[in-house]
Amino acid sequence: MRELLALQAQDFESARLALRARCPGLTAGDIDRAFDERQLVISWLGRGTLHLVCAEDWAWLLSLSAPRQLAGNRRRLAEEGVTADDADRALVVIERALADCGPSTREDLRPLVAAAGVRSEGQAMVHLLGLAAFGGRIVRCDRQRYALAADWLPVSPPVDRDAALWELGLRYRAAHALAGPRDLAWWAGISLGEARIAWRDTSEPDTDSGPLDPKLLASFDEYVLGWKDRSFAIPERMRPQVFAGGIIRAVATVDGEVVDTWTRPSGRVRLADGDHAALFADEARDVERFLAGTVCENDPPRD
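Here is a short report on the structure shown in this document.

This part covers helix α13 (residues 281-292). The terminal C-alpha atoms of α13, which comprises 12 residues, lie 17 Å apart, in line with the 16 Å expected from a rise of 1.5 Å per residue. Three or more residues of α13 are buried, namely Glu283, Ala284, Asp286, Val287, Glu288, Arg289 and Phe290.

A word on the packing of aromatic side chains. Considering all chains together, one arrives at seven aromatic pairs under this definition. Centre to centre, the rings of tyrosine 223 and tryptophan 227 are 5.8 Å apart; their planes meet at 80 degrees, and the pair counts as edge-to-face. Judged by its relative accessible area of 18%, tyrosine 223 falls in the buried class. Joined through ring pairs, the aromatic side chains of Tyr172, Trp187 and Trp199 make up one cluster.

Further remarks concern the side chain of glutamate 288. Position of glutamate 288 among the secondary structure elements: in helix α13. Within polar-contact distance, the side chain of glutamate 288 engages the side chain of arginine 268 at 3.2 Å. If sequence neighbours within four positions are ignored, glutamate 288 has contacts with Gly267, Arg268 and Val269.

Reading the values: rules and limits
As a convention, each chain's residues are numbered from 1 in the sequence order in which they are written. Reporting of local features is limited, given that this is a predicted model, to residues whose pLDDT is at least 70; pairs of side-chain atoms are given and counted only at 80 or more, and all residues count toward the totals for whole chains, interfaces and linings. The side-chain quantities take in all heavy atoms of the structure and omit both hydrogens and water. By the criteria applied, helices consist of DSSP H or I runs no shorter than four residues and strands consist of E runs no shorter than two, each listed in order from the N terminus. Expected helix span is taken as 1.5 Å per residue step, with the number of steps being one fewer than the number of residues. Exposure classes here rest on a 1.4 Å probe applied to the protein chains alone. A residue is buried below 20% of its type maximum, exposed above 50%, and partly exposed in between. Stacked, tilted and edge-to-face are the three classes assigned to paired rings of Phe, Tyr and Trp, where Trp is represented by its six-membered ring and a pair needs centres within 6.5 Å; plane angles under 30 degrees give stacked, over 60 edge-to-face, the rest tilted. Nitrogen and oxygen atoms within 3.5 Å of one another constitute a polar contact, given that in protein one can donate a hydrogen and the other can accept it, and given that sequence-neighbouring residues count only through two side-chain atoms. Here a residue-residue contact requires only that any non-hydrogen atoms of the pair lie within 4.5 Å.

This is the structure:
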């Protein structure tokens, strides 16, 4: 996970499948255990969407994006009918509940916020949790629950912004071949000027490894979302299928190029174009193996 830096995680299952595609033999249970052991967390990072990250990367990534995201968050709360005073009161309620009861879901916290006289219907509760996350108060510690960052994670040392920008540029570029500063600025939710600073002293990763194997990538996968310009991966003919109805669909790639989309009705992988089924048969079996939490006989041994 560390080599990937961050994966979009607004859909928890898709985030787990993104790791499967990059880590042979991994099971869904392995990822769940990493959450239980506090190695992984989810938070609103980068461009203001939920991302899965290693616990040790949370604080410095948050420090880079939160200042720009907080203003937008307060504006969205106002649009939902939550005043600044109400939002501050809700933060106190959320923190107290998590301190007293431990990790809790959004639906656990919603009635407590409502009891304090703060609007919590619709998207208001989501943006209140976002406010707490941008302020470094909470993290999501598994599929649904939130925890106090101070209780869940070790104390983080003060973040030096210049050092954080350098780390961001180094690790983003290592995981995103063919990217440039504009891609980084969009991905990380920072200014283009900061992205150019972050880009200094980085180098293009070596991608001369021969043809890439066929891959099934989940919806909202980093390979589709990690660049502002995705034309190298998604040919024009595929864009209507990939970006449909406000959802970025799960895709099938051959040598790094999207050739199809896929779904999983009744737990079985189905390619939109039946002519591609044989090409992705092994990948389809591995997706089903992963979600079942079992290890196939042909999987490599694991420590």
